[in-house]
Structures are given as structure tokens and as C-alpha cells.
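# Architecture at a glance
Below, each chain spelled out in residue letters.
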Amino acid sequence: MHDSDGREPEHDTHGHDAGVRGSQEPALAATRAPLMERELWRSLEDRGRTPAARVRVQAEILAPLAEPTSRRSFLQLMGASMALAGLGACARQPIEKIVPYVKQPEDLVPGRPLFFATALTIAGVASPVLVESHEGRPTKIEGNPEHPASLGATDRFAQADIMRLYDPDRSTVVMHLDDISTWANCTEALRVALGEQLAKRGAGLRILTPSVTSPALAAQIGAVLAQYPDAKWVQYDPDGRDAVREASRRAFGAPMSVRYDLSNADVVVTLDSDLLTSGPGNVRYARDFMRRRRIHEGESATMNRLYAVESMPTSTGSVADHRVGLAPSEIALFTAALAAELGVAGATRPSAALPDKAARWVVAVAKELAAHRGRSLVVAGDCLPVEVQVLAFAINAALGNVGPTFVVTDPIEVRPTAQHEELAALASDMQSGRVETLLVLESNPVYDAPVDLAFGDAMRRVPNCFHLGLYRDETAELCQWHVPAVHELESWGDARAYDGTLSLQQPLVEPLYDGHSSLDVLMLVAGQTGTVLDLIRSQWQVLYGGAGFEKLWRRTLHDGFASGSQFVPRGVELRADAVRDAATRLAGTSASGNEVVLRFDPNVHDGRFANNGWLQEVPKPWTKLVWDNAAIVSAAMAHELGVETGDMVELQTDGGKVEAGVWVLPGHAERCVTAHLGYGRRRGGNVAAGAGFDAYALSTTRSRWGGPVQVRKVAGHRTLVTTQEHHDMMRRNLVRRATLEEFTANPHFAHEEGPAPARDESMFKTFEYKGNAWGVAIDLGSCTGCNACVVACNSENNIAVVGRDQVRRNREMHWIRIDRYFEGDLNDPQIHHQPVMCMQCENAPCEQVCPVAATSHSPEGLNDMVYNRCVGTRYCSNNCPYKVRRFNFYGYQDVKTPVLQLMRNPDVTIRTRGVMEKCTYCVQRINHARIDAKNENRPIRDGEIVTACQQVCPTEAIVFGDINDPESKVAKMKRETRNYGVLEDLNTRPRTTYVAKLRNPNSELEAKA
């Protein structure tokens, strides 16, 4: 129903906006209310809501806009990664002309994609991928199934990188100051500056890069330094690996790399580490860990066990068997106490007392670790102090874990250094005038360097600054010259994965904006000619030269990596003095006062993905916030400060101060506040600019990842947009769970309420499936809530980004969502994740009410959507108990920007205003497999069709297949006693079912919880 002017009525029958958490419902009052009959709760408000208030109808059309969209913000979003379209009528698709090939490329079949193996990097570490290409257009990124660091999966950042390739906000031209210039002019200016440095042996030349694992890039920098011997090469990434490098230097005598083998670990203890969803190696770690947790029918019921000690709740902590929230200083004390309890040589018990629960943990965890020597693992987060890292090394060494689970190798960085010290020295040199020419290659230290370095002020003293980057960001703004960089899918390169495997990068498309790579620039500086490919080949010949090089090279081009190049474990000896010194320092740690915890944002990382609309709009795993960051605190700390979600607080450290909106999060450690980095961007794209606050303003060289903080309430309120109560199914027992012991005693616990009642007579039409019948089973115990599936679905199915304001009004377009539930105590809840997509019901409520048969039943059991029939009544959405249908209120797709047209999957229809859409089980992939099987005169094989969400999942939580095939993996999962359907009592007979979650708690701790 629409108003006369074509707009839908703006109202909410309940008088509040379900997408905004703030002053409408007192959050802390809700936390103190008694827990209602419902065991699971989604938020503080949901936990304390009265039965009367909970009986409501979820409205799709919500309250009037609290923040009307201004012309300025509207135009900003129009130019964003997936720009919001206007408020006009339905858009007509642009006219497209098809031009046939004059000479069709070999092996190219129009309409069938090709796949190329390459790699993407973050902080220099390679993530191996396969990239789908349609007639020369990369459109989808998948994991490389042959690469040991991937095994076919990826994380959310790799999935979203395809949008960064086609981002219209990318830098497109060479800039000199504020004027458009040319590459020729830039190279001439660089030659002049370098000519002045030749006579000085490069004394005034500095090269700043991210961490380098690339042999080719390192060799090229070496060639430059050979010509300019007094020049200096500085590496800097705003990550936590500096502490790990320094800890390994102290503990082992030299910087080393550390990786983990979770396939051998029976007991894992994480210390402020989101091991399974962030950092190098997280994809492989998640897969190895979850393979040790699966219990199948007929197998012995054994599982690994995970203990998580952390300040800010993480996805890893959400799947832990036991989790405790401690402030960073308390985690340091916990580590010291654990080392002493285990009898680590040189360990000292801390003088400060731990909280009672943490003290009990020390005894119980130490006991279990000691019982699993050689089969256990202690992991310290990269952002923890060096002393904690050293003690974690010592604990693993004392337990005999070095080798089986705790693997030490040569460093994957070509030149491992103390990066923050090097960056500080560079800032000092610039301030003193010793730097005359600075090359900044794909780095942004003006934004992400510690604030006390005043890096931007120092750069202003350098007469010749040259910047290479994807965006004209905060650092480029202060450089005389800026050159657009190529994306990694546009260039040749190489890099090492977390395990040392040498991976090759190859271009899938010509540079969209005539950009250049770091190797291009360094070849120019060194005065070399030739191509980047020639340079990489020559360096690989140095590494793998010989008669068989050409065969190895061709094989590497095909596979994407050099087989067998993984670094082998090193035998190391722990230095006793380093352990003693670290233990002594930690034993004297004082755990008093409030602390700030600075961590990378789970969606935008260190800020490099801040202009990515997919990642900005994906709800964060714990808070479900979108398009923002917040000052995250516990309920106890919020009560002490007298604040609720949305209130403003001021955070002040020795580096500076910021104002931020408060988010009250169950399970957060007391006495500390978490602020996520990566927001508050001034430059770097229309989406990035202005979103959130800049938490880097709190970071200093002494307190890089947090420290003492003063927190006080200030005037004002910030509307924090969250999806945590959107699409509420309002039913009990949605997530079924048990302990391993309970499951052993009662394997049928997931069906205690009994199966859905049989109906001999039904108003619904019955279907007979003589061929395939597609279905999905999801293992809830394996889901970490990482959101990789959500981003993969966006990429595969051309799902639009709608913007902050539309999400606020419950209009996000995601076809799959991750519902997050809390259970139990407010300060120490258990956490459950449940992926929800279209259930493809046998008795589909949506099909019965559509007046134009736009939603219909396929011969293989899918609830198909015929988009050109849909007239937008939204009856199907109202009738869906799972709330999985999405409606295009506006023309969200930008069909005019040419570069965005290149990004879209040509196998999936682009939906426009007035059309309902939902998950299709990736029917386009089903059709591809059906055609191949028909051409080869065979049935479709089990596992031949892999949906986008299934393919990306690092933990293999999602399984798709033919339920008519009794030997298929999905059919076997559906026969398990833990398999159940959500809301089965409605007789919808969903094709998507769940395998109930299992935990493996320590009975000693469980009894005292």
C-alpha cells in the first residue's frame, strides 16, 4: 500500500524503531529484569521484555526517519561502492549491445566462466584464491582447494575484495598536489629527486612499505638499496605481529614465525586471540579445529575442548566450551599464574589477586593442559604484550607442544624487524630534516600510525613525497605526488602464505585506471627496464632454478603456488633468562583502573576496507552493528558510568581523546572498554569518510593496543544502527544445544518436543520428486558467526547495499543472516549462532498467498522466484515465519555506473524496485551442473554443486546436496538424531535443517559456574 505520491507510509504500529537501540527502552533496566520463560535472548531489551511487549508483529515499515537524508549524504552514497539509487520510479535497464568476438580466445566458451589461481594479501601475508572470470571480468572470489592455507575456503575480506577492485571511489589519475597530472610528469619529478640522491648515496631517501613476504619485491628493494646504499627501507603495518616477532627474538634468539596445528590439539587455550576468524591462517585454523569437534552417528563421541580468556567477546570465544571475560591486565596476570601452576621454569606467581572465577580457571586449565602434554595448545593474541607472548611460548615448550601443535619456522617476512621502532625513527628523521625524498608504497601511516609520532606533521617537512595507493587517502593528501595503484587482481606479484607457502599473483584483467604496482615504481627507481613478470620469473629462477624450472613455473601458474614451499618446523631452544624476565614483569602487573582495548574491526579491519559497502553493511558478529563503531562496555561498567546504549562518553588516554557512542554488550569484561579501529576516515572514499570515530587517536607507541583510560559520560546521543532484533521469529527452541555428556545419555535430545504432527489430509499440494530433491543441513556447532557466507552470497547473487538509514528501518537485503543468541548469565552468557536463509519449504506459506504466482514450487523442491511476475504485494513476506524474504523498497542497484556493471554475476538477474527476492540455493550453479551432467549423459554427482555460502565456509558448517540420494552427505546429516527443522510445528516442512550444537565442557568448571 502506498501514499498518493508513490511513497510507502512511514509508521510503526509499536511506536518505536526496532532497528535503533537507545533511549526508547532503558537497556540497563532490561538487564536487571527477571529472565522470562524464553531461554534464549538476542539483546538486553529482549532479555527484559515483558510478555505483553513481546507479543507483536514485526513491521517492515518502521518509524519516520530520525535523521532525514540530506542532499549531501545522498550524493555521497550515490558514488559509493554499491550506491543507493534515488527516490524515483522503477528504473529502466540501460540498453546494452552485444558485440561478438572477431577471433574468439582459445578455451573460452561464452557464458561459461574460467577460474584463475592467484592470491590476495593483508599485511604482506598471502590468502590463496581462485577467481571466477566471465569473458575477462573477475566476478567472484573463492578459496583455492589445493592450497594448504585455504583448502577451498576464504574469509570475509577475500570475498569482499571483488568490490574493492570495482570501487568507483578508487584513485583513477596521477595527482600533483591538487592538480591532475600524468605518469610521465611524475616519473620525471622522481628522476630529478633521485638524481640529487645519487651523489649523497641515498642518505636522504626513505622507502616505506607494508610487511614484505614477496621474494621479488624484496629483491627489487635490494637492487634500489645497492644503488643508494645510505637509503633506508622501513616496513610498517598497523598489526600486532611486532610483539610476536620481538617475543620470538627474546625467547629463541632470533625472530621466528609461529603457526598452529589444531588438528593435533585436544585442548586449546586462547588468550585474547580470535584465532578462528582473524589473523593470518584463520581459515585453516577454523577448518582444523572444527573437524575435531564433529560427532557423527556410529562414531566415538570425542571432541576437543576450547577455553577462551578475552576482554572483548570474539567469534572464537563464542564457540568455546568455557569463556571468561578479563581486562587485558588481568589476562597478563592469568598467564603468569597459569605458567606458575604448570611449573614452567622461571615462572613466578603474580602478587595481585585474580577474580575468583579466573583463579578457579587457573587450577582447572593447568590440570587439563598437563594431562594432554603434546596434544594441547596455548595461543596468545598478537595484540598482547611481548611478555605474555614469551610466557605462552614457554608454556607450550614445557608441555611438549613445540612440534606437534606449536610450530616454529623461519620468518615468513623477508626482513623481520621491529616495525614500530623503525617507523618512529623515520618520523624523527623527517622532523629533523634528514629525509629529502620519501616513497610511500601502499601504506597509510598518517591515518594508522601511533598518534604521538605526529607522522603527518613530520611528512610536511619532506620536500619530495611520492605516494602509491588504491585511494587518495590521508597519507596521499600530504604528498606532493600521488599515483593510483593497481589492485592485486590487476597485477603480477608473489607473496608467502601464513605457513610460508610461496604463492603467485597473476592479473585477471587489465588495470582499470592505468595504475601501477610497487614493483613498477621500484623498477623505475632502480633504472631497470622490462616487465614485472620478467622480474618475478628471474627471481623465481634464483629460488627454484635448474633444468625443470619451466615445468615448475607453468605448474605454479596453474596451481597458484609452488608445491612443497611450505616452511618446515625448526628445532628451537627456549632461553631461560627471557622466560624469567617476562614472568617477573608480569608478576608485578597491577590490575586496577579502567582500560581501553584497541582492536581491528571485524569488518573493516585496520581501515583498509572502510570504503567497502558489503563489509560496512554486514552486521558485526557480536553487536550486530552496521556502518559504525562504538565504545563497547559491560553492563556493570555502564551502570557505574550511568550510561545506556547510544549515550556518549569521552575516552581519554595519554595519546588523545575521542567521543563515542556506548554499546552495552553482554559478556564483555568489566573495567575495560573496547574501541574498534578502522573508522573515522577523512579520506579514502565516500563510504569511508565520516563513518564512526577514529580510535587510532587513542593509540601511542607505549600503549599501541590499549592501556589506562579515563571514561566519562558527556552530553549527546548517537543512533547506533543494529540488526540484532530484525527478523525475529519469536519462537522458542530455535537453537537446540546440549553438552557432549547430555548427548551421550540422550542422542534424541533435539526432538524432545516430538516431531511435527503428521497430517494425513492437507490443504497444501503434495509433490513427488523422481529426480533430484535439493536440501541443506547446517551444523550449528561449527558456525563461528564469521559472516563470510553473507558476503559470499552478496557477491554471487548481486545483492545490493542499501545504506545505513535503510538498514535502520529494517530493510537490509541480505539473503542469508546470522542470528546471534545469548543464553544464561548477563555477564557470562553462552553464545549461539544460527545461519538463516530461505528454508525452501515443502508446504511453503509464501506460495499460497502470492496472487500472481511469482513464487512457485520447482520440480526439484525449490521455492522459485519469478521476478518479472512480482508486483510487490509483500504477502509472501508477511506470511513467511522465517522472515527470509527481502523487498526492494527503492531501486537500490546502481545500474548506471559502468565499473559496477562489470562486477556483477551475469548468471543472476538484477532486481529493481518493487520486487521481492530471497535465497535460491544458488540455482544458477544447480543449472550449470545439470547442463554438464546432461551433456555427459550422467547423473549429477554428490558434491558437484556447491552453493556460495557452503563454498566459502571455513568450518564446513553448511552442506548442500540431493536428499533423494541416500549416500549424499546432506542426506546422511539429515538422518542424524541431532537433525531438526525450525518451526516444524507449523507444518512448513523446511528443506533447510539444522544439526543441534554440542559443547564439551569441563565438568569441574561447569559445576562451579
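Each chain has its residues counted from 1, following the order in which its sequence is written. pLDDT decides what is reported in this predicted model: residues at 70 or higher carry local features, side-chain atom pairs at 80 or more are listed and counted, and totals for whole chains, interfaces and linings draw on all residues regardless. Think of the side-chain values as coming from all heavy atoms in the structure, minus any hydrogens and water.

## Here we look at the overall build of the protein chain
Spelled out, the test is: For the purposes of this entry, the term helix denotes a DSSP run of H or I that reaches at least four residues, the term strand denotes a run of E that reaches at least two, and both are numbered from the N terminus. Think of it in three bands: residues with accessible area under 20% of the maximum for their type are buried, residues over 50% are exposed, and the middle band is partly exposed, with areas taken using a 1.4 Å probe on protein chains only. Residues count as neighbours in contact if any of their non-hydrogen atoms are within 4.5 Å of one another. To measure how exposed things are, a 1.4 Å probe is used in the Shrake-Rupley method; for residues, cover is taken only from the protein chains shown.
Counting its secondary structure elements, the protein chain contains 32 helices and 40 strands. Looking at the protein chain residue by residue over its 1009 residues, the buried ones come to 62%. Long-range contacts, defined here as pairs at least 24 residues apart, represent 75% of the contacts in the protein chain between residues at least 6 apart. Approximately 37800 Å² of the protein chain is accessible, and the part contributed by carbon and sulfur atoms is 52%.

## Some words on the side chain of Glu-368
The condition that has to hold: Polar contacts, as counted here, are pairs of nitrogen or oxygen atoms within 3.5 Å of one another; within protein the pair requires one atom able to donate a hydrogen and one able to accept it, and residues that are adjacent in sequence qualify only if both atoms are side-chain atoms.
Among the structural elements, Glu-368 can be located in helix α12 (residues 356-371). Reaching out from Glu-368, the side chain makes a polar contact with the side chain of Arg-305 at a distance of 2.6 Å. The contacts of Glu-368, once residues within four sequence positions are left out, are Val-267, Arg-305, Tyr-307 and Asn-1002.

## Points about unusual backbone geometry
One non-glycine residue, Leu-151, lies in positive phi territory at about 55°. In this fold, Leu-151 is placed in the loop between β5 (137-143) and α5 (156-165). Overall, the relative accessible area of 25% leaves Leu-151 in the partly exposed class. Despite not being glycine, Arg-989 shows a phi value in the positive range, around 55°. With a relative accessible area of 45%, Arg-989 lands in the partly exposed category.

## As for the pattern of salt bridges
Test applied: Only one rule defines a salt bridge in this text: a Lys or Arg side-chain nitrogen within 4 Å of an Asp or Glu carboxyl oxygen.
Going through the model one piece at a time under the given rule, you end up with 61 salt bridges. One salt bridge connects Arg-323 with Glu-310, and the closest N-O pair in it is separated by 2.6 Å. Taken as a pair, Arg-323 in strand β13 (residues 322-325) and Glu-310 in strand β12 (residues 305-310) lie far apart in primary sequence, 13 residues in all. Taking the shortest distance from any N to any O, the salt bridge between Arg-585 and Asp-581 comes out at 3.0 Å. You can see Arg-585 and its partner Asp-581 sitting in helix α20 (residues 576-587), four residues apart, about one turn around the helix. The exposure class of Arg-585 is exposed, given its relative accessible area of 51%. Beyond isolated ion pairs, a larger network of salt bridges with shared partners links Asp-239, Arg-241, Asp-242, Arg-245 and Glu-413.

## What about the environment of Glu-490?
Tracing the chain through its elements places Glu-490 in the loop between β18 (481-484) and β19 (493-496). Taking the relative accessible area as the measure of exposure, Glu-490 reaches 5% and is therefore buried. For the pair formed by Glu-490 and Leu-512, sequence separation is 22 residues and the distance between their alpha carbons is 8.0 Å. In this structure Glu-490 touches Leu-165, Arg-170, Pro-507, Val-509, Glu-510, Pro-511 and Leu-512, once residues within four positions along its chain are discounted. A distance of 3.0 Å separates a polar atom in the side chain of Glu-490 from a polar atom in the side chain of Arg-170. Polar contacts involving the side chain of Glu-490 include one to the main-chain amide nitrogen of Leu-512, which spans 2.9 Å.

## Quick notes on the packing of α5 against helix α24 (residues 788-797)
Here is the rule: Where helices are involved, their axes are fitted lines through C-alpha atoms of the stretch in contact, as for all axes, and angles between N-to-C directions lie from 0 to 180°. The cut-offs work like this: below 35 degrees is roughly parallel, past 145 is roughly antiparallel, 65 to 115 is roughly perpendicular, and the gaps in between are oblique. Helix crossings fall into two classes, left-handed where the near helix is turned counterclockwise from the far one by less than a right angle and right-handed where it is turned clockwise.
Packing of α5 against α24 leaves a shortest axis separation of 8 Å and a crossing angle of 25°. Taken together, the axis directions place α5 and α24 in an arrangement best described as roughly parallel. The chirality of how α5 crosses α24 is left-handed. Counting all contacts with α5, which are made through Arg-156, Gln-159, Ala-160 and Ile-162, the residues of α24 involved are Ala-788, Val-791, Ala-792 and Ser-795.

## A few points about the packing of helix α18 (residues 532-544) against helix α19 (residues 549-559)
Packed helices, taken two at a time, are described by their axes: the angle between them and the distance between them. Under the convention used in this document: Residue polarity follows a fixed list, in which Ala, Val, Leu, Ile, Met, Phe, Trp, Tyr, Cys and Pro are nonpolar, Asp, Glu, Lys and Arg are charged, and the others, Gly among them, are polar.
One can describe the packing of α18 onto α19 by two numbers: an axis separation of 11 Å at closest approach and a directional angle of 120°. Put simply, α18 runs oblique to α19. Once α18 is placed against α19, the crossing between them reads as right-handed. The segment α18 lies against α19, with Leu-533, Ile-536, Arg-537, Trp-540, Gln-541 and Tyr-544 engaging Phe-549, Glu-550, Leu-552, Trp-553 and Thr-556. Within the contact of α18 with α19, the residues separate by chemical class into seven nonpolar, two polar and two charged.

## Let's talk about the packing of aromatic side chains
Worth spelling out the cut-off: Pairing of aromatic rings covers Phe, Tyr and Trp, the last through its six-membered ring, and needs centres within 6.5 Å; plane angles under 30 degrees mean stacked, over 60 mean edge-to-face, and all others mean tilted. Put simply, a charge is over a ring when the Lys NZ or the Arg CZ is close to the ring centre, within 6 Å, and near the line of the ring normal, within 35 degrees.
Using the criterion set out here, one finds 20 aromatic pairs in the structure. Taking 6.4 Å as the distance between ring centres and 20° as the angle between the ring planes, the aromatic pair formed by Phe-767 and Tyr-769 counts as stacked. Residue Phe-767 is classed as partly exposed on the basis of its relative accessible area, which comes to 28%. Both rings, one in Phe-887 and one in Phe-889, keep their centres 5.1 Å apart while their planes meet at 90°; by these two values the pair is edge-to-face. Accessibility assignment for this pair places Phe-887 and Phe-889 in one class, buried. Members of the aromatic cluster, joined through ring pairs, are Phe-252, Tyr-260, Tyr-285, Phe-393, Phe-406 and Tyr-498. Directly above the aromatic system of Trp-233 lies the positively charged group of Arg-415, at a separation of 4.5 Å from the ring centroid. It is Arg-978 that lies over the ring of Phe-743; its NZ or CZ is 5.5 Å from the centre.

## A short note on helix α14 (residues 419-431)
Residue pairs three or four apart in sequence face the same way in an α-helix, which turns once every 3.6 residues. Using the following cut-off: A helix is expected to span 1.5 Å multiplied by its residue count minus one.
Between its first and last C-alpha, α14 extends 18 Å over 13 residues, near the 18 Å set by a 1.5 Å rise per residue. Listed as buried for α14 are Gln-419, His-420, Glu-422, Leu-423, Leu-426, Ala-427, Asp-429 and Met-430. For α14, the elements touching its buried residues are β8 (205-209), β9 (232-235), α8 (241-252), β16 (437-441) and α16 (455-459). Following α14 by one or two positions, Gly-433 has its phi on the positive side, about 85°.

## Observations regarding the state of the cysteines
Working definition: the covalent bond between the sulfur atoms of two cysteines is a disulfide. We apply this condition: Count a disulfide wherever a pair of cysteine sulfur atoms falls within 2.5 Å.
Applying the stated criterion across every chain yields a total of zero disulfides. Its sulfur unpaired, Cys-850 is 6.3 Å from the next cysteine sulfur, which belongs to Cys-876. Cys-919 takes part in no disulfide bond, and the closest cysteine sulfur to it belongs to Cys-838, at a distance of 5.8 Å.

## Regarding the environment of Ile-945
Its place among the elements puts Ile-945 in the loop between α29 (923-935) and α30 (948-952). Sequence separation of Ile-945 and Arg-930 is 15 residues, and the distance between their C-alpha atoms is 9.2 Å. Excluding its chain neighbours within four sequence positions, the residues that come into contact with Ile-945 are Trp-774, Arg-925, Ile-926, Ala-929, Ile-940, Gln-950 and Phe-960.

## Thoughts on the confidence of the model for the protein chain
This is how the line gets drawn: Confidence of the prediction at every residue is given by pLDDT, a number between 0 and 100.
Looking at the protein chain as a whole, its pLDDT mean stands at 86, while 88% of the residues score no less than 70. Across residues 1-38, where pLDDT falls below 50, the model places 92 contacts with residues more than four positions away in sequence or in other chains. Counted against residues more than four places away or in other chains, residues 50-68, with its pLDDT under 50, gives 58 contacts.

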